[in-house]
Amino acid sequence: MTEENDVIIENAEIVDGVNKAYRGSIGIVGDRIKEVGKFQGDAVKLVDATGLVAMPGFVDSHSHADGTLPWYPDCQSAVLQGCTTVVAGQCGGSPAPLGEYMRPPRALSDELYERSPYLYHSPSPLLPVETVNELMEEKYGWTIDWRTMAEYFEFIGGLGISLNYVPLVGHGTVRYMVMGEDYKRHATADEVDQMKTQVRQAMDEGCIGMSAGLDYDPDVFADRPEMDACVATLKDYDGIYAPHWRRTGRRRDIKMGAGYSETQEGIIEVLDTCRSTGVRLNIAHIAPGWHTIPPMTPHIGKAIGEATVAPIDEAIEEGLEVSFDCIPWECLEPLPYLCSVHFTQWLRLLGSREKLAEWLKVDEFRKRAWEEIESGKLFQRVVINPCLNPAHWAENLKITKHDNGRYEDKQLSEVAEAIGKDPWEVLCDIIVEDPHSRGSHTDYRGNEEQMKVFFRHPRCTVGLDVSVCDDKWERRHPPYSIPLPDTYSGYPKFLIRYVRDGNLFTIEEAAQKCATLPAKFHGIRDRGVLTPGAYADITLIDLPKLRIIGKPEESRNYPEGISHVLVNGELVVEDGEHTGARPGNILTRGK
């Protein structure tokens, strides 16, 4: 008999990230796995895993958790779906470094609007830190006192978190610190030098690399020389560059007939940065390199998927270290109200959905609202944007709830065709009939065949592109946003669709995509596997009973079937419930 373990997980189907699945037990001492397989022993805590699959805790390759950890340290939405580690600070945004100005946190979105209402876009994405802290003190009773990544790590460490946080520094945050409100231009040589200094400091403090958000302010204004110079700084640290590549362009003033941007050029740009700097690259949330009008067929989608990854394969053949992450199909986005997006400015101006519905009875108002769409004053998501997708936008807008049941679970185009009216007129009619009707839009990435090309790629991992929160957060003011469904059930969706109910991956391959490879590509040591000596980050799943609760287009429910989750050897989820434990660590560079 072996000496006592702290925890023994018995009778599990073990998928360890290395070998073929086998039945056995997992012995844990402290925060590490001591033994795996067939053994006998005593433990302080026994977990009977009969009928359950034990997998390495999921490692989210693309997370925005660092933006909400201070408000949701229990990380409910992540750990309750089996995620134990997040690579956060993506799309150019990180909690620090901060200067005089900062991007206000999402937790203040309603308060900021109430303080300074606007019709289209907030006049500036930045506010003085002092102003942000006045609102923070008023609403939460504490202030944002960190200015560096090290100080943020200290704050989070004192708070305690329920998962592991792997930090990136955001180039956008660095750019704001250096350039302040004067960021809508190319940086000077001196400003680029200041940015490089800030990136070095963040790396010295423990960040594993740098992200960028090249479709967003302020990074959209950065040129190649600036980006290459900042990325090159990572080389001395063996850091990783994680760009949201140029896919849509700046999401402002997209007028009727603007047409799609050349998205493949954005992939080639970040590959060229990798070539010129020699820095490791993880391309964020891969998507097709081309759009097609009309919408692509499965065969065309597959061909586009293959053509999209072709330059990535060429770079890998040259010896470059390139990987990419992909959001699980189908990436559905709740509006949440059907009127949320195309009428946001009118909702702000009129003050309620009911008043909007009254005005939509007036033909002159409908015409004015359509003219606003054509003007591009308020950006719409690409797939439901009539300016970019004039013939097919209504095919991507789904009605998920309506007082008139015959509309529910139908695309707007279906309803318009059945009635024999223009989709815009039908959208207005439906809102008049039920101002509180709800909706979502379909995946912006074409079709599933190209997603399968991406997921099958040996350098592809699963990334959810969400933050952490509870199941109650929502934005009260237009456009009334609620978290994406993947916030709560992205990993269950992937396992249900592609393992249990499909045949794209075996359970062993799914463990690689969700845990082993993300840890490997990001240099996260001793995680993503269930082997002796590895950290005890473990998810126990009842695969036959794994289920997403509610409508997949708008679910804010925690999934069923995630039985137990351990982080660093401690149970944070037991019998599907959060234990309140916060054993997560900040996995700084080299840890």
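Coordinates for the structure precede this section.
Below is a short write-up of the structure.

Here is what the cut-offs are and how they apply
Residues numbered from 1 in each chain as written. Predicted model: local features only at pLDDT ≥ 70, side-chain atom pairs only at ≥ 80, totals over all residues. Heavy atoms only, no water. Salt bridge = Lys/Arg side-chain N within 4 Å of Asp/Glu carboxyl O. Helix = DSSP H or I, 4+ residues; strand = E, 2+ residues; numbered from the N terminus. Buried < 20%, exposed > 50% of the residue type's maximum accessible area, 1.4 Å probe, protein only. Pairing = 2+ DSSP bridges. 1 Å grid on protein atoms, 1.4 Å probe; cavity = no way out; pocket = protein on both sides within 12 Å on 5 of 7 lines; lining within 4 Å. Points joined across faces, edges and corners; volume = space filled by probe spheres on them. Nonpolar A, V, L, I, M, F, W, Y, C, P; charged D, E, K, R; others polar. Contact = heavy atoms within 4.5 Å. Axes fitted to C-alpha atoms, helices over the stretch in contact; angles between N-to-C directions. Expected span 1.5 Å × (residues − 1). Polar contact = N/O pair within 3.5 Å; in protein donor to acceptor, adjacent residues only side chain to side chain. Phe/Tyr/Trp six-rings, centres within 6.5 Å; stacked < 30°, edge-to-face > 60°. Arc of directions from axis to C-beta.

A few words now on the pattern of salt bridges. If you walk through the whole model with that rule in mind, you get 36 salt bridges. In this structure, Asp228 and Arg224 form a salt bridge, with 2.9 Å as the shortest nitrogen-oxygen distance. Highlighted residues: Asp228 and Arg224, both in helix α7 (residues 224–232), separated by four residues, approximately one helical turn. Residue classification places Asp228 among the buried positions, given a relative accessible area of 15%. Between Arg547 and Glu560 there is a salt bridge whose closest N-O contact spans 3.2 Å. Of this pair, Arg547 sits in the loop between β21 (538–541) and β22 (562–567) while Glu560 sits in the loop between β21 and β22, placing them 13 residues apart in sequence.

Another point: the sheet that holds strand β17 (residues 397–401). Either a parallel or an antiparallel arrangement is found when strands of a sheet pair, and the pairing is made through backbone hydrogen bonds. Taken together, the four strands give an open sheet; going across it, the order is β16-β19-β17-β18, and neighbouring strands pair in antiparallel fashion. Bordering the open sheet on either side are β16 (333–337) and β18 (410–411), each of which pairs with just one other strand. Pairing of β16 with strand β19 (residues 438–441) involves three bridges; the strand directions are antiparallel. When the sheet's bridge partners are listed, Glu333 is paired in β19 with His441.

In this section: empty space enclosed by the protein. Enumeration over the complete set of coordinates arrives at one cavity of 30 Å³ or more. Empty space within the largest cavity amounts to approximately 60 Å³. In terms of lining, the largest cavity is formed by Asp60, Ser63, Ser77, Ala78, Gln81, Cys83, Val86, Leu464, Val466, Ser467, Val468 and Thr487. Of all the secondary-structure elements, those providing two or more residues to the lining of the largest cavity are β6 (58–63), α1 (76–79) and β7 (83–88). Classifying every residue of the lining of the largest cavity gives six nonpolar, five polar and one charged.

This paragraph deals with the sheet that holds strand β15 (residues 322–326). What the six strands build is an open sheet, ordered β11-β12-β13-β14-β15-β20; its pairing is parallel. In the strand order of this sheet, the two ends are held by β11 (169–170) and β20 (460–462), each with one partner. Bridge count between strand β13 (residues 240–244) and strand β14 (residues 280–283): two bridges; the pairing is parallel. In the sheet register, Tyr241 faces β14, and the bridge partner there is Leu281. Contacting β15 and β20, helix α15 (residues 448–456) runs over the sheet at an angle of about 135° to β15.

Now for unusual backbone geometry. With an omega of 5°, the peptide bond between Ala96 and Pro97 qualifies as cis. In this fold, Pro97 is placed in the loop between β7 and β8 (101–102). The amide bond that connects Leu335 to the next residue, Pro336, takes the cis arrangement and shows omega of -5°. Among the structural elements, Pro336 can be located in strand β16. Positive phi, normally seen in glycine, also occurs at Asp465, with a value near 60°. Position of Asp465 relative to the elements: it lies in the loop between β20 and α16 (486–500).

By secondary structure assignment, the location of Val573 is in strand β23 (residues 570–574). C-alpha separation for the pair Val573 and Gln76, spaced 497 residues apart in sequence, amounts to 9.3 Å. With near-sequence residues (within four places) excluded, Val573 lies in contact with Val79, Leu80, Ile562, Ser563, His564, Val565, His578 and Thr579.

Let us now look at helix α8 (residues 263–277). Spanning 15 residues, α8 covers 22 Å between terminal C-alpha atoms, matching the ideal 21 Å at 1.5 Å per step. Turning to α8, its buried residues are Thr263, Gln264, Gly266, Ile267, Glu269, Val270, Leu271, Thr273, Cys274 and Thr277. On its buried face, α8 sits against α7, β13, β14, α9 (298–317) and β15. Positive phi shows up at Gly278, right after α8, with a value of about 75°.

Let's shift gears to the side chain of Gln90. Note that Gln90 resides in the loop between β7 and β8. Judged by its relative accessible area of 2%, Gln90 is buried. Among the polar contacts listed, one links the side chain of Gln90 to the backbone oxygen of Ser61, at a separation of 3.1 Å.

The next point concerns the packing of aromatic side chains. Applying the stated criterion across every chain yields a total of 21 aromatic pairs. Where Trp71 meets Trp142, the ring centres are 5.3 Å apart and the plane angle is 40°; that geometry is what we call tilted. Taken together, the positions of Trp71 in the loop between β6 and α1 and Trp142 in the loop between α3 (129–140) and α4 (149–159) put the pair 71 residues apart, joining distant regions of the chain. Residue class for Trp71 comes out buried when judged on its relative accessible area of 17%. When the centroid spacing of 5.9 Å and the interplanar angle of 65° are considered together, the rings of Tyr488 and Tyr558 count as edge-to-face.

Moving on, we come to α4. Given 3.6 residues per helical turn, the α-helix brings residues three or four places apart onto the same face. Listing the buried residues of α4 in full gives Met149, Tyr152, Phe153 and Ile156. Take α4 and look down its axis: the buried residues cluster within an arc of 100°, on one side only. Exposed residues lying more than 90 degrees from the buried face of α4 are Glu154 and Gly158. If you follow the buried residues of α4, they end up packed against β10 (164–167) and α6 (189–204). In the segment just after α4, Gly160 is the residue with positive phi, at about 85°.

Let's shift gears to the pairing of strand β5 (residues 53–56). In the sheet, strand β1 (residues 5–14) pairs with β5 via two bridges, with the strands oriented parallel. Across the sheet, residue Ile14 finds its bridge partner in β5, namely Ala54. Across four bridges, the pairing between β5 and β21 is antiparallel. By the bridge assignment, Val53 is partnered in β21 with Ile541.

Without other data, these values stay purely geometric and don't point to any function.
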